[in-house]
Every structure is written in C-alpha cells, then in structure tokens.
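# Observations on chain architecture
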Amino acid sequence: MTRTLEADPVAPLGAALSEAAEVVRRGGLVAFPTETVYGLGANALSPEAVRAIFEAKGRPAANPIIVHIADRSDVARLTSRWPGVAERIARAFWPGPVTLVAPRSGQVPDVVTAGGETVALRMPAHPVAAALIQAAGVPIAAPSANRSARISPTTAAHVLSQLAGRIDLVLDGGACAAGIESTVIDTTTDPPTILRPGPVSAEELWNEAGVRSVAGSAAPGRPHRSPGAMARHYAPSARTIVTEASEACVYDEAAKGRPVAWLRFAREAEPKPGVLQLTMPDDANAYAAVLYARLHQAEAAGVEVIVISQPPSGSHWTAVLDRLSRASRA
Ligand code: AMP
Ligand code: MG
C-alpha cells in the first residue's frame, strides 16, 4: 500500500513530514516534490534502501542516482575533492535545480554511483524537499519518481499512476515549478561538462557564476547515461512525433483513424474535432513547466499518437528540445 500525505509547500513542518522522515530513516521509499520533478527518495547512506529504488523503478543498475542534501556541510562528507568550479556554481545556484558531479568519498555506497568514482549532488530549493532531508538527518538519494524510461512526474497523481503499491509514501506538495529534471554538470572536467541540460542554462552559468561549460556526455569508463540504453529516458507510451508540419501530421494521423493528441502553440490553426488539443506556452520556461503534465494527460486519454509542434531553436529552448528529442526517439 502506498499512502499519500499532504505537505504544505509553504510551511512543510508537521506530522506528514515527521512521518516521511521516519520512513526514510528506517529504509523505506518516499516520493516528494522538488522544484524540478517529484523524486523517489531513500537514505543515500544505506545500500539496501537505495537498491529498493532501483527495484521500484525497474531502473538499470548502471544508471547512477543523484544525492540530495539540505546543508552545504554535507558536501565534505560525500566528496573526496570539491573543485573550485563546483563551489562557484553551488554558491550561485544552490539551493536550486543544479546537480554537481564530483569525486565521491568512501561514505557513498557503490549502488548510488553505479560503481563509479564520482557522486552527483544537489541541494533542492523546494521547502518540502529541504525539510524532508533535514528531518531525516541523512542525505537522500532520489531519481525521478517514475518507472524507468517513462515520463517524469510533476504531480503526486503522476507518481501514483506509475508507482502505487511499489513505494511506501507520497508527500503531495502540489505541482513542480520547473517541470523538467535538473541541469547536471560534471565538475571534474576542465571546462565543466553539461551532462544533461536543464532549468539552468550554459548562459546562466556564465552570467551568474562566471563558469564556462561545454555540452557533452560523461567521459568513457565512467557511469553515465549510455546513449543506447537511455535515449528514450523521458518517453510516453504513445508514438511521439515532433515536427514543423504538425498540422498536416495531425490531420494525417486522424485520417487513418488513430486517436491523436496535439501539443500546439496558440498561434497555430485550430485542430479537427476529435483531436485532443493541448495548448503550449510560447515562453520556454513556462513550456517546460507544463510539458510532462501534458504528456501524462495525453497518455491518460489513451491516444496512440502525440504530435508536438516544433518549438523555436534558441539557447533558452535547449533543455526542452533535449527532452522532446528523447521523448520522440523511436
Ligand atoms: P534521474 O534518474 O532522472 O534523477 O537522472 C539522474 C541522472 O543524473 C543520471 O541519468 C545521470 O545522468 C546523472 N548522474 C547521477 N549520478 C551521476 C554520476 N555519479 N556521474 C555522472 N552522472 C550522474
Ligand atoms: Mg528520471
């Protein structure tokens, strides 16, 4: 049985929080809201607890998990070296939607890092996430709270749709603000490498932390999202098509008698009756905030095809375009 408890996102301390912290301390699994997506948390210092995350998600063992902390002093016990560049980024963006990869300490279990020599750390800004980590008194390992390779959850209902019965507790703190997963930065390379684009862009790293970065995947020999296995990391179960010619594509699929959802911009032509029409914001951050919710909605409606109007190029769309390309890869 998975229980759901409401956690007030403004003043999260209370019975729900203490109960969730207790579940974490005794090795259980708690889904909780962050400013990016909902995480599926367990005591990061307990290999058994972290193994339960892999089991509940059906996650491949080669995929390492981000460790969430509530206090900067935790960095010292979890890393063996903290590069200057990591410190600069942390000062500018923590607490926030940025994950920093650094050499790990002996306190981090192998299962967390997928056997690798680095650990990924984040200090989330969401008051419920911060309060939970603090109350648990241990760092919390947490990937997104979805079944492996499915759409990440941005509400408690999304979590339950995939993980009900597989985890102990969901803390319901409402919808996530950013709506896509954190920016992941490997600080062991020079310059640092953006392993996963996210809410904080390369441009902001430069403007706000004075850090120049490059885009790329993890160095060979290190645990990373192996391109073959993880390409469809954010995929809906319906066939998903991202195209400039979305209107024609929608008519085409509908003409073949297939149930279709269309994620369209307001400026585009009205779709045919019978098409599930979901209007997307023109602003990149606002688009990211609702993207997964719209994909969940299309999936729940049981459509066979999801057609997504191609968003503009331009650097602030980088993270959205990354998620769309993963969602639509065959
Ligand atoms: P998620 O499962 O959605 O929370 O995504 C976690 C992602 O964080 C993984 O797919 C990796 O890209 C990244 N990650 C976590 N730990 C590490 C690490 N030690 N080294 C490199 N990347 C990591
Ligand atoms: Mg994930």
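Here is a short report on the structure shown in this document. (Residues numbered from 1 in each chain as written. Chains lettered and ligands numbered in written order. Predicted model: local features only at pLDDT ≥ 70, side-chain atom pairs only at ≥ 80, totals over all residues. Heavy atoms only, no water.)

## What to know about the overall build of the chain
If you tally the helices and strands in the chain, you get twelve helices and 15 strands. Principal-axis analysis of the C-alpha atoms gives the chain an extent of 60 × 45 × 35 Å. Burial analysis of the chain (330 residues in total) assigns 53% to the buried set. For the chain, the proportion of contacts with a sequence separation of at least 24, taken over those separated by at least 6, is 65%. When the accessible surface of the chain is summed, it comes to about 13200 Å², and 53% of that surface belongs to carbon and sulfur atoms. (Helix = DSSP H or I, 4+ residues; strand = E, 2+ residues; numbered from the N terminus. Buried < 20%, exposed > 50% of the residue type's maximum accessible area, 1.4 Å probe, protein only. Contact = heavy atoms within 4.5 Å. Areas by Shrake-Rupley, 256 points an atom, 1.4 Å probe, with all protein chains shown as cover.)

## Describing the environment of Ala 235
Relative to the helices and strands, Ala 235 is located in the loop between α9 (227-230) and β12 (239-243). Sequence-wise, Ala 235 and Leu 324 are 89 residues apart; in three dimensions their C-alpha atoms are separated by 8.7 Å. Contact partners of Ala 235, with chain neighbours within four places excluded, come to Ala 149, Arg 150, Ile 151, Arg 326 and Ala 327.

## Structural notes on the environment of Ala 44
Turning to its location among the elements, Ala 44 is positioned in the loop between β3 (39-43) and α2 (47-57). Ala 44 sits in the buried class, given a relative accessible area of 3%. Linking Ala 44 and Pro 312, residues 268 residues apart in sequence, is a C-alpha distance of 39 Å. Residues in contact with Ala 44, not counting those within four places in the same chain, are Val 50, Val 67, Pro 109, Val 112, Pro 139, Ile 140 and Ala 141.

## Things to note about the sheet that holds strand β14 (residues 276-280)
Whether parallel or antiparallel, the strands of a sheet pair through hydrogen bonds between backbone atoms. Ordered by their spatial adjacency, four strands build an open sheet running β12-β15-β13-β14, and the pairing between neighbours is parallel. At either margin of the open sheet sits one strand with a lone partner, and together these are β12 and β14. Neighbour-to-neighbour, the strand axes of the sheet open up by a mean angle of 20 degrees, direction not taken into account. Bridge analysis of β12 against strand β15 (residues 305-309) gives five bridges, and the strand direction is parallel. Residue pairing for β15: Thr 243 is matched across the bridge by Ser 309. Sheet strands touched by helix α10 (residues 246-255): β12, β13 (260-265) and β15. Its angle to β13, the strand with the most contacts, is close to 165 degrees. (Pairing = 2+ DSSP bridges. Axes fitted to C-alpha atoms, helices over the stretch in contact; angles between N-to-C directions.)

## Quick notes on the packing of helix α1 (residues 15-25) against helix α6 (residues 127-136)
Packing of α1 against α6 leaves a shortest axis separation of 8 Å and a crossing angle of 55 degrees. Here α6 runs oblique to α1, going by the angle between their axes. Classified by chirality, the crossing of α6 by α1 is right-handed. Residues Leu 17, Ala 20, Ala 21, Val 24 and Arg 25 of α1 form the contact with α6, whose own contacting residues are Val 128, Ala 131, Leu 132, Ala 135 and Ala 136. Grouping the amino acids of the contact of α1 with α6 by side-chain chemistry returns nine nonpolar, no polar and one charged. (Parallel < 35°, antiparallel > 145°, perpendicular 65-115°, else oblique. Left-handed = near helix turned anticlockwise from the far one by under 90°. Nonpolar A, V, L, I, M, F, W, Y, C, P; charged D, E, K, R; others polar.)

## Brief notes about the layout of surface pockets
Roughly 560 Å³ of volume is contained in the second largest pocket. In terms of lining, the second largest pocket is formed by 29 residues, of which the most central are Gly 198, Val 200, Ser 201, Thr 318 and Ala 319. Looking at the lining of the second largest pocket, the elements with two or more residues in it are β10 (193-196), α8 (202-209), β11 (214-215), α11 (284-300) and α12 (318-328). No other element matches the five residues that α12 contributes to the lining of the second largest pocket. (1 Å grid on protein atoms, 1.4 Å probe; cavity = no way out; pocket = protein on both sides within 12 Å on 5 of 7 lines; lining within 4 Å. Points joined across faces, edges and corners; volume = space filled by probe spheres on them.)

## Section: the sheet that holds β3
If you walk across this open sheet you meet the eleven strands as β1-β8-β2-β3-β7-β4-β6-β5-β9-β10-β11, and the pairing is mixed. Taken across any chain shown, the strands that pair with only one partner, and hence form the sheet edges, are β1 (3-6) and β11. Taken together, the four bridges between strand β5 (residues 98-103) and strand β6 (residues 118-122) define a ladder with antiparallel strand orientation. When the bridges of β6 are listed, Leu 100 appears paired with Leu 121. Set on the sheet, helix α7 (residues 156-163) makes contact with β1, β2 (30-32), β3 and β8 (169-172); between it and β8 the angle comes to about 165 degrees.

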